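Survey of secondary and tertiary structure
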Amino acid sequence: MNKSSSSSRKFTGAAALIVLIGLYVAHAGAAPKGADRVAPVSSPGGDELSGPSGDGKAGKVGEVGEVGKDGEVGKDGKAGPRARVTVRLSIDSGQQPEGIVAEPDGSVVVTFAPTRQIARISPSGEVRILATLPAPPPLAETPAVGEPYLGGIVRDGKGTLYVTYATGTAELTGIWRLAADGGVPRRIVALPADGLPNGLALDARARQLYITDSFTGRVWRAPSAGGAAAVWSADPGLARHPEGFAGANGIRVHAGAVWVTNHDRGTVLRFPVQGPPSAPVAGRPEQVADGLGEIDDLVFTGDGDTFLVAGVTDSRVLLVRGGEGVPVLNEKDGLQNPTALDRSGGTVHIAGSAQYTLTDPQVLSAAVPR
């Protein structure tokens, strides 16, 4: 996702590329937050990931350590086999994956934010475009990013796909549904045009969708069958940093709670789900992690509360256990600004958007150690 310093100006063509390159160079050091910087945002989605590791120190993110053995993540934070590139994508063609969801046969489905496309990628790396969402009118302006933004993606048990789409227009912004084999997408939930719907999670049992709005700092709820959306939480912990860009970002339903990352603040909040399944209510949130840097999506490593989070700006994947974040993959593994994660059995799939590096968007996978 591209951040615009003025909501009245749209990034297009070569101008956007020049701005992004300049901002990336400026960002290469300490990466301070600011309203004049470009930053990517997330999408939706499990056990611990393998790869190069962190220093194992508690609290703040550390440096990458040595590679461990047998895919195990030990007390020192070391990890095992590194990531494998499933497919290298074309940045010139706008193939920058924002959201990712795994399928039972080993394929993944991704959203290409710049081109408004939904694509299936086979285990062998074959890319097939399933659908392209309709373009908004030429003068439409999407909050925070300017251009139309296709973000998070989830699938239900029948393979039906759901995505978030933001255009700055009341006619198109919301949740769109697509059949498993593609076809014509259809909007099933309308969301306000002045927001930036981004991360998406599905509670299949309760038949509810949860959506993060990264611009207004909210979580919305809507029935997965379609219908009216309602603000589920507007807790202050979901808001953007005053000098930042994006607040509530990645989102998951897990163990009776909704878990949400905050891009600017580097925090993860856990909201207990209360009330009846048809009308769930957000309980008082608990901050379960902080100091994680500028983060995007998250995915759980199993039935417990250990999870992985995408460190989008610094091109890292962090393992968070007991509130402590340890890097387990980084740019040496081929990561290019990861925005989204999803797990299928013993494999974690990673969407690398290359939003800052502008060199090598790709989809990667790595083993989940036991």
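These notes cover the structure that comes with them. (Residues numbered from 1 in each chain as written. Predicted model: local features only at pLDDT ≥ 70, side-chain atom pairs only at ≥ 80, totals over all residues. Heavy atoms only, no water.)

1. Focus on the environment of A246
As for its position among the elements, A246 is in the loop between β13 (230–233) and β14 (248–254). For the pair A246 and G217, spaced 29 residues apart in sequence, the C-alpha separation works out to 7.9 Å. (Helix = DSSP H or I, 4+ residues; strand = E, 2+ residues; numbered from the N terminus.)

2. Details of the nonpolar core
The biggest cluster of nonpolar side chains holds 15 residues, and the ones touching the most others in it are L308, V317, L329, L335, L341 and I350. Those elements that place two or more of their residues in this core are β20 (307–311), β21 (316–321), β22 (324–329), β24 (347–352) and β25 (362–367). When sequence neighbours within four positions are dropped, the list of residues in contact with L335 reads S315, R316, V317, L329, N330, I350 and L364. Formed by 14 residues, the second largest nonpolar core is a distinct cluster that contains V101, A131, L133 and L150. (Core = buried A, V, L, I, M, F, W, Y, C linked by side-chain atoms within 4.5 Å. Buried < 20%, exposed > 50% of the residue type's maximum accessible area, 1.4 Å probe, protein only. Contact = heavy atoms within 4.5 Å.)

3. Brief notes about the sheet that holds strand β3 (residues 108–112)
Judged by pairing direction, the sheet is antiparallel, and its 4 strands sit side by side in the order β2-β3-β4-β5 without closing on themselves. With partners counted over all chains shown, the strands left at the sheet margins are β2 (97–102) and β5 (127–132), one partner each. Geometrically, the sheet is characterised by an average inter-axis angle of 25° between neighbouring strands, direction not taken into account. Here 5 bridges tie strand β4 (residues 117–121) to β5, and the two strands are oriented antiparallel to one another. From the neighbouring strand, I121 faces β5, where its bridge partner is V127. (Pairing = 2+ DSSP bridges. Axes fitted to C-alpha atoms, helices over the stretch in contact; angles between N-to-C directions.)

4. Topic: the packing of aromatic side chains
Scanning the entire structure with this criterion turns up 6 aromatic pairs. Taken together, Y210, W232 and F271 form an aromatic cluster joined through their ring pairs. It is R240 that lies over the ring of F215; its NZ or CZ is 4.4 Å from the centre. (Phe/Tyr/Trp six-rings, centres within 6.5 Å; stacked < 30°, edge-to-face > 60°. Lys NZ or Arg CZ within 6 Å of the ring centre and 35° of its normal.)

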